[in-house]
Amino acid sequence: MEHFSKERTLVMVKPDGVQRSLIGEIIKRYERMGLKLVAMKMLLPTEDHIEKHYTLDPNWMRITGEKTIEGYKKKGQQPPSEDPLEITKVVLANLKKYMTSGPVVAMVWQGAHAVKISRKIVGGTEPLSSDVGTIRGDFVLDSYQMSDMDGRAVRNLIHASGSPEEAENEIKHWFADNEIIGYRLVQEQILYDVNIDGILE
Ligand code: GDP
Ligand code: MG
């Protein structure tokens, strides 16, 4: 098994994050955790690229639809459809509009448990309930209810891969191999080396 310190995740500052001038704040939060930035670029994604991004997992359409329907029912509301795929079609159309509305900053971060640690920093999907202290909890105030009412995607500032498998597929989708740089960061000695030595004079 590959060492935990080699795990990588795809992170993206979404168009609203760029417009809110949060690129630096977001990078700061990843850097201070001890994760290592191994790729980064700003780009304007196409609708096709966004659709592929969200459908890399063939189950995403169904799972997201089911989750959304469940969300409506929990709140005692009637979902717009009982068919998960119908629901996700609308979510996906809104996402394509949202994610192509301006530049995004895509990044690959590497380090121990990069995927889980990253999701922890990012917080839950819906800003209304994301924990305080997370990026979504601290910097934005959107909700599914408001975004559904206004017929748009929920604005939650940032994307982060949900599992190591998703990360692997997403990294390939956003970056060519030669855009990812393998290098050593001096602090990794303190984070990962079995013996911390060479410090005292
Ligand atoms: P993430 O990984 O935390 O961004 O969340 P998911 O991968 O589950 O969903 C991707 C995107 O689909 C989210 O950022 C939302 O824009 C949208 N989405 C997911 N679940 C729901 C939902 O229950 N309602 C609505 N309106 N949109 C949703
Ligand atoms: Mg996701």
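Within each chain, residues carry numbers counting from 1 in the order of the written sequence. To read the labels, note that chains go from A and ligands from 1, taken in the order they are written. Local features in this predicted model are restricted to residues of pLDDT 70 or higher, and side-chain atom pairs are both shown and tallied only at a pLDDT of 80 or more, whereas totals for entire chains, interfaces and linings draw on every residue. Side-chain figures throughout are based on the complete set of non-hydrogen atoms in the structure, without hydrogens or water.

**Some thoughts on the sheet that holds strand β4 (residues 158-160)**
In this analysis, strands are considered paired if DSSP registers two or more bridges between them. Working definition: helices are DSSP H or I runs of at least four residues, strands are E runs of at least two. Numbering for both runs from the N terminus. Pairing is antiparallel across the open sheet formed by four strands, whose spatial order is β2-β3-β1-β4. Each having just a single partner strand, β2 (36-43) and β4 make up the two edges of the open sheet. Ignoring which end each strand starts from, the neighbouring axes of this sheet average 15 degrees apart. Across three bridges, the pairing between strand β1 (residues 8-13) and β4 is antiparallel. Interaxial angle, 0 to 180 degrees, is taken between N-to-C directions of lines fitted to C-alpha atoms, where a helix line uses only the stretch in contact.

**Some points on helix α4 (residues 60-74)**
Helix span, as expected, comes to 1.5 Å for every residue beyond the first. Under the 1.5 Å per step criterion, the end-to-end length of α4 is 21 Å for 15 residues, consistent within 8% with the ideal 21 Å. Pairs of residues are marked as contacts when any of their non-hydrogen atoms sit within 4.5 Å. Residues of α4 that are buried sit in contact with α3 (47-54), α5 (84-99) and α8 (144-149). One or two steps after α4, the chain reaches G76, where phi turns positive at roughly 75 degrees.

**Observations concerning the site of ligand 1**
Note on terminology: near, applied to a residue and a molecule or strand, indicates that one of the residue's heavy atoms is within 4 Å of it. Neighbouring ligand 1 are 15 residues; K67, R119, T125, R136 and D148 lie closest to it. Polar contact is defined as a pair of N or O atoms within 3.5 Å, subject to the rule that within protein one atom must be able to donate a hydrogen and the other to accept it, and that residues adjacent in sequence are counted only when both atoms are side-chain atoms. The contact in question runs from an oxygen atom of ligand 1 to an N or O atom on the side chain of R119, over 2.8 Å. Here an oxygen atom of ligand 1 sits 3.1 Å away from a polar atom, N or O, in the side chain of N156. Only the protein chains shown count as cover for residues, and all accessible areas are computed by the Shrake-Rupley method using a 1.4 Å probe. Here ligand 1 has 560 Å² of accessible area as a free molecule, and 91% of this is covered by the chains. If you map ligand 1 onto the pockets, it falls in the largest pocket. Broken down by element, the shell around ligand 1 gets its largest block of residues, four residues, from α4. When residues are grouped by polarity, Ala, Val, Leu, Ile, Met, Phe, Trp, Tyr, Cys and Pro land in nonpolar, Asp, Glu, Lys and Arg in charged, and all others, Gly among them, in polar. Per-class residue counts for the shell around ligand 1 are six nonpolar, four polar and five charged. Put simply, the grid is 1 Å and covers the protein atoms alone, a cavity is a trapped set of points that fit a 1.4 Å probe, a pocket is an open set with protein on both sides within 12 Å along at least five of seven lines, and lining residues have an atom within 4 Å of a point. Pocket or cavity membership: a molecule qualifies when more than half of its atoms sit within 2 Å of the grid points of that site.

**Notes on the packing of aromatic side chains**
For Phe, Tyr and Trp, where Trp contributes only its six-membered ring, two rings pair if their centres lie within 6.5 Å, and the inter-plane angle classes them as stacked under 30 degrees, edge-to-face over 60, or tilted in between. Here the structure, examined in full by the defined rule, presents two aromatic pairs. For the ring pair Y30 and W109, a centre distance of 5.3 Å and an interplane angle of 25 degrees mean the geometry is stacked. In this pair, Y30 sits in helix α2 (residues 23-33) while W109 sits in strand β3 (residues 104-110), placing the two residues 79 residues apart along the sequence. Classification of Y30 as buried rests on a relative accessible area of 0%. Ring centres 5.2 Å apart and planes at 35 degrees place the aromatic pair Y54 and W60 in the tilted group. As far as burial versus exposure is concerned, Y54 and W60 are alike and both buried. A positively charged side chain is recorded as over a ring if its NZ (Lys) or CZ (Arg) lies within 6 Å of the ring centre. The angle to the ring normal must also be within 35 degrees. When the ring centre of Y183 is taken as reference, the NZ or CZ atom of K36 above it lies at 5.1 Å. Here K41 stacks its cationic end above the ring of F175, 4.7 Å away from the centre of that ring. When accessible area is computed with a 1.4 Å probe and restricted to protein chains, residues below 20% of their type maximum are described as buried, those above 50% as exposed, and intermediate ones as partly exposed.

**Let's talk about the environment of K73**
Note that K73 resides in helix α4. Residues contacting K73, with those up to four places away along its chain left out, are P79 and E82.

**Thoughts on unusual backbone geometry**
Excluding glycine, most residues fall at negative phi; most peptide bonds, likewise, are trans. Of note, the phi angle at S21 is positive, near 60 degrees, even though the residue is not glycine. With respect to the helices, strands and loops of the structure, S21 is situated in the loop between α1 (15-19) and α2. For S21, a relative accessible area of 64% corresponds to the exposed category.

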